[in-house]
Amino acid sequence: MAASLLRRLWRVPALVTLILMGLLLATLARVSGGAAWFCRPAGQWLVRAWMRVLNRVVGLRVRIRCQPLTAPTLIVANHIS
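Along each chain, residue indices are assigned from 1 in the same order as the chain's sequence is written. Totals for whole chains, interfaces and linings use all residues, but because this is a predicted model, local features are given only for residues with pLDDT of at least 70 and pairs of side-chain atoms are given and counted only at 80 or more. Just so you know, side-chain values use all the structure's heavy atoms and leave hydrogens and water out.

## So, the overall build of the chain
Rule in force here: By definition, any uninterrupted DSSP run of H or I lasting at least four residues is a helix, any uninterrupted run of E lasting at least two residues is a strand, and each is numbered from the N terminus. For the radius of gyration, the atom set is restricted to C-alpha positions; the globular benchmark scales as 2.2 Å times the number of residues to the power 0.38. Any residue under 20% of the maximum accessible area for its type is buried, any over 50% is exposed, and the rest in between are partly exposed; the area is computed with a 1.4 Å probe on protein chains only. In these tables, accessible area is a Shrake-Rupley quantity obtained with a 1.4 Å probe, and a residue counts as shielded only by the protein chains included in the view.
A count of helices and strands for the chain gives two helices and zero strands. For the chain, the C-alpha radius of gyration of 17 Å lies well beyond 12 Å, the compact-globule estimate for 81 residues. Taking the principal axes of its C-alpha atoms as reference, the chain extends roughly 50 × 35 × 30 Å. Out of the 81 residues in the chain, the part that is buried amounts to 11%. Accessible area for the chain stands at about 7,500 Å²; split by element, carbon and sulfur atoms hold 68% of it.

## Notes on a nonpolar patch on the surface
The cut-off we apply is this: Only residues whose relative accessible area exceeds 30% and that form no salt bridge are eligible for patches; like-charged ones are grouped when within 9 Å, while nonpolar side chains (Val, Leu, Ile, Met, Phe, Trp, Tyr) are grouped when within 5 Å. The term salt bridge refers to a side-chain nitrogen of Lys or Arg lying within 4 Å of a carboxyl oxygen of Asp or Glu.
A cluster of nonpolar side chains, Val12, Val16, Ile19, Leu20 and Leu23, forms an exposed patch at the surface whose accessible area comes to about 460 Å². Along the chain, the position of Ile19 falls in helix H1 (residues 2–33). What makes Ile19 partly exposed here is its relative accessible area of 38%.

## Considerations on H1
Operational definition: Expected span, for any helix, means 1.5 Å times one less than how many residues it has.
Helix length check: H1 (32 residues) gives 45 Å between terminal C-alpha atoms against 46 Å at 1.5 Å per residue, within 8%. Those residues of H1 that fall on the buried side of the exposure criterion are Leu18, Gly22 and Ala29. At the C-terminal side of H1, Gly34 shows a positive phi close to 90°.

## Details of a positive patch on the surface
We count it as follows: Here Asp and Glu are counted as negative and Lys and Arg as positive; His is not counted, and neither are the chain ends. Charge placement uses NZ in Lys and CZ in Arg. For Asp and Glu, CG and CD serve respectively.
Taken together, the side chains of Arg56, Arg61, Arg63 and Arg65 define a basic patch exposed on the protein surface. Counting through the fold element by element, Arg56 comes out in helix H2 (residues 41–58). Judged by its relative accessible area of 69%, Arg56 falls in the exposed class.

## Considering the environment of Val31
Structurally, Val31 is set in helix H1. Val31 sits in the exposed class, given a relative accessible area of 68%. On a C-alpha basis, the gap between Val31 and Ala2 in space is 44 Å, while along the polypeptide they are 29 residues apart.

## With respect to H2
Because an α-helix completes one turn every 3.6 residues, residues spaced three or four positions apart along the sequence face the same direction. Let me state the cut-off plainly: Any pair of residues with heavy atoms lying within 4.5 Å of one another is described as a contacting pair.
Counted at 1.5 Å a residue, the expected span for H2 with its 18 residues is 26 Å, and the 26 Å between its end C-alpha atoms agrees. Regarding H2, the residues found buried are Gly43, Ala49, Leu54, Asn55 and Val57. The inward-facing, buried residues of H2 abut H1. Note on H2: the residue one or two positions beyond its end, Gly59, has a positive phi of about 85°.

Quick look at the structure:
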């Protein structure tokens, strides 16, 4: 029980720090790389790395169980709010 509480307690400051660092990095990338900074390979790497750390902090695991989609691909989602 104590270990579970400690895991929860470190996640809050880690999450706040990660979000603030992400905002800072995104701002710096936008200033130096322009509005489409995330379309470049370095920008895509930065976003993927940030998301990996974010998933780790909040306790999510990502599992890939299929083959990557080939172009051209259309994904349609049915959603009613």
